[in-house]
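Structural overview
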Amino acid sequence: MADSSLNHKSLIVHGPVLEYILEKNAYPREHQQLKELRAVTTEKCGKRAILIDAFKDHECQEDDGNLLRPTPHPQRLFRVVAHGLQPSPTPTPSPTFDGSQHLGSLATGVGRNKIGVFTGYSLLATTLALPDDGQVTAIDLDKEAYETGLPFIQKARVEHKINFIQPDAFSVLDGLINGVSISLTRDNDDEFEQKGYGFPRMIRLQEENSSFDFIFVDAEKEDYMKFHEKVMKLVRIGGIIAYDNTLWLGSVAYGQDDEKYSGMPESIWKSKDFVVQFHELIVSDHRVETCLLSVGDGLTLCRRLY
Ligand SMILES: C[S@@+](CC[C@H](N)C(=O)[O-])C[C@H]1O[C@@H](n2cnc3c(N)ncnc32)[C@H](O)[C@@H]1O
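Here's a quick rundown of the structure. (Residues numbered from 1 in each chain as written. Predicted model: local features only at pLDDT ≥ 70, side-chain atom pairs only at ≥ 80, totals over all residues. Heavy atoms only, no water.)

A tally of helices and strands in the protein yields 10 helices and 13 strands. Of all 306 residues assigned to the protein, the portion counted as buried reaches 53%. For the protein, restricting intrachain contacts to residue pairs at least 6 apart in sequence, the fraction spanning at least 24 positions comes to 65%. Total accessible area computed for the protein in this model is approximately 13800 Å², and 52% of it derives from carbon and sulfur atoms. (Helix = DSSP H or I, 4+ residues; strand = E, 2+ residues; numbered from the N terminus. Buried < 20%, exposed > 50% of the residue type's maximum accessible area, 1.4 Å probe, protein only. Contact = heavy atoms within 4.5 Å. Areas by Shrake-Rupley, 256 points an atom, 1.4 Å probe, with all protein chains shown as cover.)

Laid out in structure tokens, this is it:
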């Protein structure tokens, strides 16, 4: 009897098909600095980066160098959880190459906002895609992680497009919404300057209000619903908001008692409900058009309609 699962044209891509896409389409065009940043991120996370085999063995392994790229293991749909550099104890899937490639494709306007930078792989991918006068406001609490990626951003000669802001994203977004001027360099301007952070000292947030073409959110999944209300006030009508990791290692499709689900770390299933609720919110939000791309760990796109 024919396999009915083959009768539809929707494919969650992993295993050899994903390898094919990456090897034949994505890797040949990956910018040299992205390649190097990927390698350094893996090295720096070292043994604190773990692999999650979400669908088969239910085991966590030490990183074997697969950060930001797929394992050849066909069952390892989503591969790396790196928490070594992050202040949060929650293991957080890093952006995947195929997901980041989509971000680059989406990034064609001039004003964008990025919440959750880490070492900056997806930041670099989006910034490379911008015209020379494009600007990215990048927000992350973790300066150390950003500094890991900064040399590659500099070698790629795109740091002049990036405004990195360290404080908590909620306060920054509130500032943006309320049109408050804030200093980007906080209390350690000299240190930042020596390190070559090429951003203006102050940003007049009022001018930025509602002017972002593209907003990428990759922070704690528990916060996505709260972020949505805020970023909706900041993205322009017609602009796009992208939320990363919205398939959350595939856990969204399983019940807690499902055999396939039982090996996942506590932190994953703790956040799973937030990801599911987030999607319920998005699909009922008539202010946006939305789709969930089954790339990487899931990428939800929203286009603001009004
Ligand atoms: C998964 S990582 C982002 C990965 C990144 N997109 C990349 O390309 O490597 C999540 C990041 O969000 C940051 N983060 C989480 N909550 C935040 C918040 N409320 N404000 C600012 N940064 C936050 C963490 O510090 C962490 O570096």
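Moving on, there is more to tell.
Turning our eyes to something else, we now look at the nonpolar core. Considering soluble globular proteins, one finds that nonpolar side chains tend to be buried as a cluster. Counting 25 residues, the largest nonpolar core has Ile115, Ile215, Val217, Ile241 and Tyr243 as the members making the most contacts within it. Listing elements by their share of this core, those giving two or more residues are helix 6 (169-178), strand 10 (212-217), helix 9 (224-232), strand 11 (235-244) and helix 10 (266-283). Ranked by residues supplied to this core, first place goes to helix 6 with 6 residues. Residues within four places of Val217 in sequence aside, it is in contact with Ile115, Tyr224, Phe227, Val231, Ile241, Ala242, Tyr243 and Asp244. Leu34, Tyr121, Ala125 and Phe152 belong to the second largest nonpolar core, which has 18 residues in total. (Core = buried A, V, L, I, M, F, W, Y, C linked by side-chain atoms within 4.5 Å.)

This part is about the environment of Asp140. Checked against the element boundaries, Asp140 lands in the loop between strand 6 (135-139) and helix 5 (143-155). Separated by 26 residues in sequence, Asp140 and Gln166 place their C-alpha atoms 5.1 Å apart. Ignoring any residue separated from it by four or fewer positions in sequence, one finds Asp140 in contact with Gly116, Val117, Phe118, Phe164, Ile165 and Gln166. A polar atom in the side chain of Asp140 sits 2.9 Å from the backbone nitrogen of Phe118. Among the polar contacts listed, one links the side chain of Asp140 to the backbone nitrogen of Asp142, at a separation of 2.7 Å. (Polar contact = N/O pair within 3.5 Å; in protein donor to acceptor, adjacent residues only side chain to side chain.)

The next thing to look at is helix 1 (residues 15-26). An α-helix turns once every 3.6 residues. As a result, residues three or four positions apart point the same way. Taken together, the buried positions of helix 1 are Gly15, Leu18, Glu19, Leu22 and Ala26. All buried residues of helix 1 project into a common sector of 105 degrees when viewed along the axis, lining one side. Those residues of helix 1 that are exposed and aimed more than 90 degrees away from the buried face are Pro16, Tyr20 and Lys24. (Arc of directions from axis to C-beta.)

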